[in-house]
Amino acid sequence: MSRAAFARNAWLVLAVLAVLFSLQFVLPDYQVLMATRMMLLAVFALGFNALLGYVGLLSLGHALFFACGLYASGLTVYHFGWGLPAAFVFAVGASAVLALLIGAVALRTIRVSFMIVTLMFAQVGALTVLYFAAWTNGQEGLSLPASARVADLGVATLDLTDALTRYNIAYGLLAASLLILLVYLGSARGRIATAVRDNEGRTEMLGFNVFAAKLEMFVLSGAMSGAAGAAYGLLFGYLGATFASFQYSIEPLLFTLLGGAGTLLGPLVGVLFMVGLIDKLSELTTAYLLVIGVVLIVLILWFPKGILGTVRERWLPWLM
Amino acid sequence: MGFGPYLLLATLEGLVQAAVLSITAAGLSLVFGVMRVVNVAHGEFVMLGAVIAWFTASLLTGHPAMGFAAALLVSPLLVGAVAFASERVVLRRLDYNPEATIVATIGLLYILQQTVLLVYGPDARPVDPPFYYTIRFPWFGYSAYKLFVIGAAIVIMGGIWFVLQKTRAGLVMRAAQYDRETAQAFGIPVDRVSAWVFALGAMLAAIAGVLVVPIQQAHYLMGADPLLLSFIVVIIGGLGSMSGTVLAAVLVGLSDGIISMMFSPTLAKMVSTLLVALVLVFRPNGLLGKAAR
Amino acid sequence: MADVTPLLVATGLKRHFGGLRAVDGVDFSLPAGEIRAIIGPNGAGKTTFVSLLSGRLEPSEGRVTFAGEDVTRLPAYRRVQRGIAYTFQITNIYLTKSVADNVRVAVESRARRERGVEFEAATLEALQAVGLEDRAETPAGELAYGHQRLLEVAMGLALRPKLLILDEPTQGLSDAEIRAFIALVRRIAETATVLLIEHNMDVVMALADRITVLARGQVLAEGTPAEIRANSEVQAAYLGTPC
């Protein structure tokens, strides 16, 4: 990618971040909450898309990393009374280590086997949450007490029950994730990642350790998804087994396909459309997950490049 | 009850589970073998089979055996039709691209499951077994219907074997499984075969659904377990290998039945899922499957 | 330069697929600076043999030594890093990336091992070597077939290999393209050793210093083009006379 194209993408990301920052001053309370959730789910989907969009690996088990972050942070706070920043850092580290272990095994498979293996590992994760019900309270889950959601940082107090504080933390995490991916993809490592995605055999025969390149992205992806889960658990104060379920592995796939796999801002766009839609539908019917099925099939049949993928193809070839 | 009888009971329960599982997994294996499609919606076909069995049985008054027999006929036909249609409308258009078809069958999973939730509701409902008869062992009584399920599974698996090995349809399927391009070149309509195979796989799942519903009740979320267990069976048995599938179903059914009675069922599932994921990574042809061609 | 150790040595190399002995005990030695051609009837095990050299396949038995180092157990990418470049029999490039970006990936590989690689200069140099500098910004997928093959060679060159393995490089090229290709390989041979699998005997005779003939996974003959031309066993193998 040329320097000019990279600069355009950087400006675009900064512009989107500026808009998101200013939203907190205009949105009504209910929508601030919704936007906070969306930004965290977008971080989750960004991590998923790092793997699918840039090295071409479709994981069906990313709920494992989201749930790992969620429980690693939440349980240390709940059971051991850890401080919020320490719990968050610990959770991101734990997710990265888990991704390293899972990746080292799962990346020995390709394509369909990779999808099934990741799905099964995530299933093991979901069962683990249920099995250790003494710690996790199983299906019902745990609520973090309000007292545990206030952190004294010395210079300031962080009150996670405050809506705007939560908004800005989620915003900070999203901004950091976008910038990390922007820099990574603009670097030589990003070029190697997409080379692996486009033609694995060729890339190996140019002297690159393809396995290491995939594993590196797998760990980045797992850590980012784990960070999203950790923030989700701490900001909303609830840890439930649902977050480890198959549905939470499918949602980032859905967001990414809708927004456009392999586009930096695609997952965010996908979240914006889907989360709003799902929330509206859930007020109308209990069978609101029907929409997940319909949208998946419509996308895969008629719109496989997604929103930003199509925009890139038709109008803006420089989008990354 | 002493350990011996306890083990006998666990073994019987395991065999019943193995029976249902081998039918379900045979469907999954057939679809994967011939079409190279991993059908994530396979468990929903079991669920749909069970729910349709409930509707059929509740419409027919009279002896429960009537309703059951009708369900055994109506359920697979309807489910097969649904599968046939989804193959034509969705999977065929994707050219059977492996990743795309998995995503599509995930979509199908949600559509089937949530439609049933809309129409049938969130309750679990039982269907009467065709007959009530309890076999008296010295230590416990055991439902004869469950033994009937084992017998039915043996008959059905024998039928599948016969169709695959001895009939023209089976020859066509095996040819398509062995080498799509060559089969096509020899004038086998591989494209149409795919639709029938997908329908047949779903019908097997539906039959399994009808058979379990007197034991287990029909519920819109009941598809998850059969899906996971079928995956486990097909992976251990070797993807696409029918005899491996049957052996693996007995192995998994028995060990799951026995381990679940001795330990926590959640732990049993956790350990077996983990082990099977590792089998898929390190022994991709299965523990029982032959080496790759 | 007396008594130079060969650049590449294979000893007792075997590769079996089930019962099929694709490569069945090959001893092979390639001195630096040579253009060597490997010929043989279809199914002789040529592609399997070079795959064992480049590391895309692991041998069932035997050893491969490159530049004095035993590389038998090294994965392919490490062999590439040591100087063995391989171009595929079927064109294998990044179809959606531009021509220049294709070459940049190869340059990046070199830049990870060597200091002071001038990125753009190295890219341009490789493109100029094959005459594709005018097409630098074209998506590789839009190139004509002959140009795609040249791009693949350019990627190999950008690695600055000690040994360049070309697997049937002239397949599907026009006569004019083949003439240009022969000239290109001669220029490459000034800085690298070339190992060439080739069906077109005119190309082989025009380029090769020496020829190795494989049949049924074994070395049938080895010698100068003139010697091979005169060898009756080779003629028999090509004509398919039963022996």
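Our subject is the structure listed above.
Calculation rules
Residues numbered from 1 in each chain as written. Chains lettered and ligands numbered in written order. Predicted model: local features only at pLDDT ≥ 70, side-chain atom pairs only at ≥ 80, totals over all residues. Heavy atoms only, no water. Salt bridge = Lys/Arg side-chain N within 4 Å of Asp/Glu carboxyl O. Helix = DSSP H or I, 4+ residues; strand = E, 2+ residues; numbered from the N terminus. Buried < 20%, exposed > 50% of the residue type's maximum accessible area, 1.4 Å probe, protein only. Pairing = 2+ DSSP bridges. Contact = heavy atoms within 4.5 Å. Axes fitted to C-alpha atoms, helices over the stretch in contact; angles between N-to-C directions. Patch = residues over 30% accessible without salt bridge, like charges linked within 9 Å, V, L, I, M, F, W, Y side chains within 5 Å. Areas by Shrake-Rupley, 256 points an atom, 1.4 Å probe, with all protein chains shown as cover. Parallel < 35°, antiparallel > 145°, perpendicular 65-115°, else oblique. Nonpolar A, V, L, I, M, F, W, Y, C, P; charged D, E, K, R; others polar.

**Q** Describe the pattern of salt bridges, and please don't skip the residues or the numbers.
**A** Residues and elements named next belong to chain C. Going through the model one piece at a time under the given rule, you end up with 23 salt bridges over all chains. Here Arg36 and Glu222 are joined by a salt bridge, their closest N and O atoms 3.5 Å apart. Here Glu222 lies in strand 10 (residues 218–223) and Arg36 lies in strand 3 (residues 35–39), a separation of 186 residues in the sequence. Look at Arg36 and you get buried, because its relative accessible area is 1%. Judged by its relative accessible area of 33%, Glu222 is partly exposed. Residues joined by salt bridges that share partners form a network here, namely Glu34, Arg36 and Glu222.

**Q** Run through the sheet that holds strand 2 (residues 20–30) of chain C, naming residues and quoting values.
**A** Strand pairing in a sheet takes place through backbone hydrogen bonds and is either antiparallel or parallel in direction. All names here are of chain C. The 4 strands lie next to each other as 2-1-4-5, forming an open sheet whose pairing is antiparallel. A strand with exactly one partner marks an edge of an open sheet, and here the two such strands are strand 2 and strand 5 (69–70). As judged from the 8 bridges shared by strand 1 (residues 8–17) and strand 2, these two strands associate in the antiparallel manner. Bridged to Lys14 within strand 2 is Asp24. Contacts between helix 1 (residues 46–54) and the sheet are confined to strand 1, strand 2 and strand 4 (61–66), with strand 1 contributing the most and set at about 120° to the helix.

**Q** Quick one: what's the story with a nonpolar patch on the surface, residue by residue and with numbers?
**A** Residue and element names in this part refer to chain A. Taken together, the side chains of Phe80, Trp82, Phe90, Tyr131, Phe132 and Trp135 define a hydrophobic patch exposed on the protein surface, amounting to about 620 Å² of accessible area. Position of Trp82 relative to the elements: it lies in the loop between helix 3 (63–80) and helix 4 (84–106). Since its relative accessible area comes to 35%, Trp82 is described here as partly exposed.

**Q** Go over the packing of helix 5 (residues 144–166) of chain B against helix 8 (residues 190–216) of chain B, please, and point to the residues and values.
**A** Residues and elements named next belong to chain B. One way to put it is that helix 5 packs onto helix 8 with a least axis distance of 10 Å and a crossing angle of 170°. As judged from the angle between their axes, helix 5 and helix 8 are roughly antiparallel. Two secondary-structure elements touch here, helix 5 through Tyr145, Lys146, Phe148, Val149, Ala152, Ile156 and Ile160 and helix 8 through Leu204, Ile207, Val210, Leu211, Pro214 and Ile215. A breakdown of the residues in the contact of helix 5 with helix 8 according to their chemical character gives 12 nonpolar, no polar and 1 charged.

**Q** Outline the sheet that holds strand 7 (residues 163–167) of chain C, listing residues and values.
**A** All names here are of chain C. The strand order across the open sheet formed by 6 strands is 6-7-8-3-9-10, and the pairing between neighbours is mixed. The open sheet has two free edges, formed respectively by strand 6 (84–87) and strand 10, since each of these has just one partner strand. The average angle at which neighbouring strand axes cross in this sheet is 20°, direction not considered. Pairing of strand 9 (residues 210–215) with strand 10 involves 5 bridges; the strand directions are antiparallel. For Val213, the partnering residue across the bridge sits in strand 10 and is Ala221.

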